[in-house]
Amino acid sequence: MSTNMRRHQKNRQWKVLCFCVSAFFILSQAHGQGKDTADFRVMSYNVENLFDCRHDSLKDDYEFLPDAIRRWNYYKYRKKLDDVARVIVAVGEWNPPALVALCEVENDSVLRDLTRYSALREVGYRYVMTSSPDERGIDVALLYRRHLFKLLSCHSLEVPRTDKQNRPTRDILHVCGQLLNQDTLDVFVCHFPSRSGGAKETEAHRLLAARRVREAIDSIYARRRRPQILMMGDLNDYPHNRSVRLLLDGDKPVLKHLLDGKPGMKPAGSYKYQGEWGLLDHIMVSEEMTRPDAPFHTAEGRAGIFAPPFLLAPDKKYGGLQPFRTYYGMKYQEGYSDHLPVWADFRVLY
């Protein structure tokens, strides 16, 4: 073999070696980046009538005024704010959740007081909320921690009425934000129409609300290849009811429930009615987010109902325990809420 041929062969071997080293370095970098993770906890909580003490001239909030039958006053209001803050901090185990969905909050001033003048003031929560046509003036809201969830957009989805004789209900809150890995997360916060008047008689109202959410989710699926969708809230229906099944079933993937069918869940629901526990408060996600290799993922085992002793009280009528309510009928109980909060943990890969 000539000198030139040997030199050419050595150059070729050197280039191959350099390429392999470079490829190994790039792959190592990518693998190392994939190891960076962050925990991301969310919760949903119906706080049972978080009203201030002032009358809103456009709303029927007379029950929650100092001279009304409930005798709602500034002391009770401040205690309620501190109680809600305590629950949020406790659910986060002293690391408050990244996202908090709230149902039954009256207005912007209530959210301002909660985030600025309660124990949450050190957390630095920001919030967005609806301004619904609900006659009582209750809305839904989302608290978020800005370093974990960067707000991109938010808007309200109005729920149509079955006919003009029916009362208007709460809007659905749709929030879009950016995670630490630069991925987009769409969040829906819902409080479907109540069962007041009978479950069957009012079912059509909740079906309309569910269809409104389903339409919005289908629109996201049409625009994005692998959407990340999180839906939380009080649906006033149980997992087997038609309004909930509308969000979970279908020819193409829609949402997966993180709490339905979870074995050994205690208590067996977030709400107790006539001695029976049931799941009215839900957390659902798009199917993509249940894959363990997804950049933002969770699993059924990483969700639950938060039920520490301080949120429970004896059920004197039916036995056992029940949520420690703020009011039982018109009687002030000094409790927290008639619902228990639900939560779920996610992992962000970035």
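Residues numbered from 1 in each chain as written. Predicted model: local features only at pLDDT ≥ 70, side-chain atom pairs only at ≥ 80, totals over all residues. Heavy atoms only, no water.

Novice: Just checking my understanding: could you explain the nonpolar core for this structure?
Specialist: When a protein is soluble and globular, its nonpolar side chains tend to lie buried together. Phe40, Leu99, Leu142, Val187, Leu230 and Phe346 are the most contacted members of the largest nonpolar core, which has 70 residues in total. Ranked by residue count, the leading element in this core is helix H2 (residues 74-91), at eight residues. In this structure, phenylalanine 346 is in contact with Ala38, Asp39, Phe40, Val42, Leu230, Leu258, Val285, Met289, Phe296, His297, Thr298 and Arg302, ignoring residues within four places of it in sequence. Counting 22 residues, the second largest nonpolar core, distinct from the first, contains Leu157, Cys190, Met231 and Val254. (Core = buried A, V, L, I, M, F, W, Y, C linked by side-chain atoms within 4.5 Å. Buried < 20%, exposed > 50% of the residue type's maximum accessible area, 1.4 Å probe, protein only. Helix = DSSP H or I, 4+ residues; strand = E, 2+ residues; numbered from the N terminus. Contact = heavy atoms within 4.5 Å.)

Novice: Help me understand the sheet that holds strand S5 (residues 150-157) in this model?
Specialist: The strands making up a sheet associate through backbone hydrogen bonding, with each pair oriented either parallel or antiparallel. Spatially, S5-S6-S7-S8-S12-S9 is the arrangement adopted by the six strands of the open sheet, whose pairing is mixed. For this open sheet the edge positions go to S5 and strand S9 (256-257), each flanked by a neighbour on one side alone. Against the sheet, helix H4 (residues 203-223) touches S5, strand S6 (172-178), strand S7 (184-191) and strand S8 (229-234), its axis set at about 175 degrees to S7. (Pairing = 2+ DSSP bridges. Axes fitted to C-alpha atoms, helices over the stretch in contact; angles between N-to-C directions.)

Novice: What exactly am I supposed to notice about the packing of H2 against helix H3 (residues 108-117) here?
Specialist: Working note: a packed helix pair is described by the angle between its axes plus the distance between those axes. With their axes 10 Å apart at the nearest point, H2 and H3 run at an angle of 60 degrees to one another. The angle between H2 and H3 places the two elements in the oblique class. Crossing of H2 over H3 shows right-handed handedness. Across the interface between the two elements, Tyr77, Arg78, Leu81, Val84 and Ala85 from H2 touch Ser109, Val110, Asp113, Leu114 and Tyr117 from H3. For the contact of H2 with H3, the per-class residue count stands at seven nonpolar, one polar and two charged. (Parallel < 35°, antiparallel > 145°, perpendicular 65-115°, else oblique. Left-handed = near helix turned anticlockwise from the far one by under 90°. Nonpolar A, V, L, I, M, F, W, Y, C, P; charged D, E, K, R; others polar.)

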